[in-house]
Amino acid sequence: MNIVTNPDETLDLDAVRARLAGVKGQAYWRCLDELADAPAFAETLRREFPDRADEWADGTSRRQYLRVMGASIALAGFSGCGFGNNRTEKLVPPVRQPESVIPGAAQYFASSLTLGGYATGVLVESHEGRPIKVEGNDQHPASLGATDLFSQASVLSLYDPERSQVVLRESAISTLPNFLSDLGRALEAQKPSKGAGIRLLTETIGSPTLASQIKAFLDLYPAAKWVQYEPAYRASERAAAILAFGEDVESRYDLSKADVILALDADFLGQGPAALRYSRQYAERRTPSAKMSRLYAVESTPTGVGAVSDHRLALKPSLIDALARAVAAGLGIEGVQPGPAAAVEDHAAWVTALVKDLKAHKGSSLIIPGPGLPPAVHALAHAMNDALGNVGSTVTYAEPVAARSDDQAAGLRDLTREMDAKAVDLLVILGGNPAYTAPADIPFAAALRKVRRAVHLSLEEDETSELCRWHVNASHELESWGDARAFDGTASIVQPLIAPLYDGISPFDFLAALLGRSAVTGRDAVREFWKGKKLGGEAFEPAWERAVHDGLIADSATPAKAVTLKAEAAKVAATSGAVDSLEIVFRPDPTIWDGRFANNGWLQELPKPLTKITWDNAALMSPATAGRLGLKNEEQAELTYRGRKVTAPVWITPGHADGCVTVHLGYGRRKVGKVGEGAGFNAYSLQTSDSPHTSPGLEVKGTGTTYPIACTQTHRGLSGRDLLRTGTITEYLAKPDFARRHADEMPADESMFAPYPYEGNAWGLTIDLNRCTGCNACILGCVSENNIPVVGKDQVMTGREMHWIEIDRYYTGEDADVPESTEFQPRMCMHCENAPCELVCPVAATSHSAEGLNEMTYNRCVGTRYCGNNCPYKVRHFNFLEYNPPRPSSLTILSNPDVTVRSRGVMEKCTYCVQRINGARILAKEDGREIRDGEVVTACQAACPTRAITFGNINDKTSEVAKLKADPRSYGMLAELNTRPRTSYLARVRNPNTEITPEAGHDHPTHLG
């Protein structure tokens, strides 16, 4: 959705629908404004750069500029105090340089990063003791060599200058020894009552060592209580497992064996502890062939799963319940109580075809319910998988990895009551920010003020910290020792890459202090725990060294467990609620999650995968719902739910289910660093503990005022061009080169220049659109690798974001409310052999290398922007302002030393990670050989969970990239211009059920705009 530059210009949805109805053949469109052909949007496209991008930004104060640049460039120095007098473990520079360390050369160390209690294995690139880049660990089952957004952004959080740096007592600077003395007195006072006044509040714990330390503490103080609370806790899964099997087990899926998948409001490719693994497995089954898998998605809020699905239904949550029951009944499951008939009658044919497809693939099908659905739907999913014979094949069950409680919200509610009654003398909060994330009906913050001695260990001085007597600055995971389990139970090791910048302590250190063992470090605690275990049946020391080296303990996954489905599992009553009631949907934000990453500039500026919004959240709703409510895009609306109100901007989202409004959590932080200050609204103020995911009863009323939202979707548009090419499996099998046009086959001699003989390496890249899920991992991988700056919301609104990769999102079909499908197409510098940019540069700042790279010499660039004008792909970015101002060398800890830090006034673009090419060249030269295929891996390629990106030497006909470029699906973007791009694409192929979507050839695709 484009930014509405004229608030009085109302989007005419009827005109939009009429325009789509008149289109012949397949139609591709990027937003509703494009379809409406609004004058403001047309003016945006007419200009060489997006709205006001070629002008100075009016109204941007120096304070605003410095605020948004805080976590991007203003890296702070070191300060703080040690952990008592017993902290003797240190990481210090060597007096004599080890032979294995080469100054300037990168080293890689295996570690793990956690979210929600689950571990993801990573490899961290370190330059002379400073970590700068996170890659995936290909040996780890949860990452398989890929990374998610939060892992990539962790290095920026590590160097965030607004991280907590000192111990605070009642907001005044204190010391760790003072805190330990006070803690010791408090614990001593609790011994007579066996800890009756002690409460321990943590996030979900997936660390075996930490869990054992907590158990030891509770053994020492048996009257104390431990409460876990995680805003994104998957409570429905545990309740459903007990409902279906009578015991708590976790579901594990194997998408590599699934021919037909039904996702019920489940974004299994974008969220969850196994998302990276599931993405890889799903992509491996999407290679066009007769064995290609098929994905059905039913969801309320558009997600990556819905975007890449072959068939998608947009239904509000209460109707998903009814549809799931209809599918279960169709599969012959006894005792299923149907939902409202009116809820599914419009989709009866869809359900019938789906049921038939599932029955035809017994043992190779899969039903995946989303965490936001009620336990009854999860239980139905278990029953359907059992009836289809999927258990043991596409789905298995195992003991839970993390300690799970019946209801974390209920535990937090009980704790709040005890605090309010002043029954808690010592409250220890390890991580999290419950004063901010607690549901609106649990007055945790107010009760916290009544606790005499509350302690908070955290990375930030946040909303919870300011209400506690003591705040203790925590160490980052990249500064700490620890362990955690992956989604399948694999024990993963966390090791530090750098000494704590501010002498923070880890939860392992903190628990050791609670146990009266301050001399025990986190490393000691982890080693002690695993020393009592059998690690591969060998001596501990070599097994431990191997585990630290690999980042995991081999063969430590929890085994599958046999379960028996209870007869009454499918007999739960349907979810009640009026069919015509407006429902509210709460979701963790795609980029800042539950709010813990609100001060991370990389994540704030990263476009949301579907909406492309940056720096804000909004009230998402369908065009039809907005029309019924009389709301315009970016209009401020008052959301009222159960007597509570919040004001939020409206964002009209094609493909969103009618009758519901989605709000993302994590914004509207009151006490946060300067980067996240003032961003968005607080959706937690509406959330309730009994309905944390969705509920009816929402009221929405427009205010008539507008709130500008920074959205990147329509920046640098190429409207009307034949860019994206898609087809069906039937079309592909009949004509494998269906995506190629006659104009693509340009004769080699049709150029005014003589062809250049690339005799050595000729670098090229290909992107398989069948594998791309639009997750944005490639963008953040590129940002981290290439020192790309954060520019802030005001600059994004003027089109000045600096991301070298953009993922264009297209809608297809003739329905503006519910598009036929959603498509993603990454776009970066194409490194054209006949590069239009090179011809117009007056100072030869952009030129061609002997290996086919379009190179930029920043010192030559004088900022004419002629190259950007002449680039048909619009992938060059001009550094309008001093986004990387001069600074002391001691503050450049985060920057990749292999990449130039650009100054104001130069053009930037993708370089094919030339620094990585040169690194591989040096190693190959030392060994007296050529660069091997696959030896050069670009940052975007390394980050991609689905391996959609392949890079290599196209002159080597045995290379993977050369084989893909010879694939019949391969085509070049705007190849008809004879630019000869080195970046090519493999067209997307869908696998629709012909009983739902009859096969029909379509005309040449139309790109509207």
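Structure's up top.
Conventions and cut-offs
- Residues numbered from 1 in each chain as written.
- Predicted model: local features only at pLDDT ≥ 70, side-chain atom pairs only at ≥ 80, totals over all residues.
- Heavy atoms only, no water.
- Core = buried A, V, L, I, M, F, W, Y, C linked by side-chain atoms within 4.5 Å.
- Buried < 20%, exposed > 50% of the residue type's maximum accessible area, 1.4 Å probe, protein only.
- Helix = DSSP H or I, 4+ residues; strand = E, 2+ residues; numbered from the N terminus.
- Phe/Tyr/Trp six-rings, centres within 6.5 Å; stacked < 30°, edge-to-face > 60°.
- Lys NZ or Arg CZ within 6 Å of the ring centre and 35° of its normal.
- Pairing = 2+ DSSP bridges.
- Axes fitted to C-alpha atoms, helices over the stretch in contact; angles between N-to-C directions.
- Contact = heavy atoms within 4.5 Å.
- Salt bridge = Lys/Arg side-chain N within 4 Å of Asp/Glu carboxyl O.

## Concerning the nonpolar core
Grouped burial of nonpolar side chains is what soluble globular proteins tend to show.
Now for step 1: Ranked by internal contacts, the top residues of the largest apolar core, which has 101 residues, are Trp602, Leu603, Trp763, Leu780, Tyr873 and Tyr912.
Now for step 2: It is helix 6 (residues 149–158) that provides the largest number of residues to this core, a total of six residues.
Now for step 3: Of all hydrophobic cores here, the second largest spans 42 residues; its members include Leu176, Leu430, Ile505 and Leu514.

## Some points on the packing of aromatic side chains
Now for step 1: In this structure the tally under the stated criterion is 19 aromatic pairs.
Now for step 2: Residues Phe878 and Phe880 carry aromatic rings whose centres are separated by 5.0 Å and whose planes lie at 85° to one another, so their mutual orientation is edge-to-face.
Now for step 3: The ring of Phe878 is capped by Arg865, whose NZ or CZ atom sits 5.4 Å from the centre of that ring.
Now for step 4: Here the guanidinium or amino end of Arg982 rests over the ring plane of Tyr758, the centre of that ring lying 4.5 Å away.

## Points about the pairing of strand 7 (residues 198–202)
If a strand is regular, its side chains alternate between the two faces of the sheet.
Now for step 1: Burial of strand 7 is extensive: five of the five residues sit out of reach of the surface.
Now for step 2: Side-chain alternation along strand 7 places Ile198, Leu200 and Thr202 on one buried face and Arg199 and Leu201 on a second face that is also buried.
Now for step 3: Bridge analysis of strand 7 against strand 15 (residues 426–430) gives five bridges, and the strand direction is parallel. Among the inter-strand pairings, Ile198 is bridged to a residue of strand 15, identified as Leu426.
Now for step 4: Examined bridge by bridge, strand 7 and strand 8 (residues 225–228) share four bridges and lie parallel to one another.

## Brief notes about the sheet that holds strand 7
Now for step 1: If you trace the seven strands from one edge of the open sheet to the other, you get 6-5-17-16-15-7-8, paired in mixed fashion. For this open sheet the edge positions go to strand 6 (172–174) and strand 8, each flanked by a neighbour on one side alone. Taken pair by pair, the neighbouring strands of this sheet meet at an average axis angle of 20°, ignoring direction.
Now for step 2: Pairing analysis gives four bridges linking strand 16 (residues 453–458) to strand 17 (residues 470–473), with the strands arranged parallel. In the strand pairing of strand 17, Leu457 is matched with Val472.
Now for step 3: Running over the sheet, helix 7 (residues 176–190) touches strand 5 (167–169), strand 6, strand 7, strand 15, strand 16 and strand 17 and is turned about 125° from strand 17.

## So, helix 21 (residues 540–550)
Now for step 1: Those residues of helix 21 that fall on the buried side of the exposure criterion are Phe540, Ala543, Trp544, Ala547, Val548 and Asp550.
Now for step 2: Buried positions along helix 21 lie against strand 2 (106–115), strand 19 (491–494) and helix 20 (522–531).
Now for step 3: Of the residues flanking the end of helix 21, it is Gly551, one or two places downstream, whose phi is positive at about 85°.

## Side note on the pattern of salt bridges
Now for step 1: Taken as a whole and assessed by the stated rule, the structure comprises 51 salt bridges.
Now for step 2: Put simply, Asp182 and Arg185 hold a salt bridge, and the shortest N to O gap is 3.4 Å. Residue Asp182 and its partner Arg185 are both found in helix 7; the two are separated by three residues, about one turn of the helix.
Now for step 3: Using a relative accessible area of 2% as the deciding quantity, one classes Asp182 as buried.
Now for step 4: The salt bridge involving Glu528 is made with Arg517; its shortest N-O contact spans 3.1 Å. Taken as a pair, Glu528 in helix 20 and Arg517 in the loop between helix 19 (507–514) and helix 20 lie far apart in primary sequence, 11 residues in all.
Now for step 5: According to the relative accessible area criterion, Glu528 is partly exposed, its value standing at 44%.
Now for step 6: Exposure remark for Arg517: the relative accessible area of 37% places this residue in the partly exposed category.
Now for step 7: Salt bridges linked by common partners bring Glu284, Asp768, Arg771, Asp967 and Arg969 together as one network.

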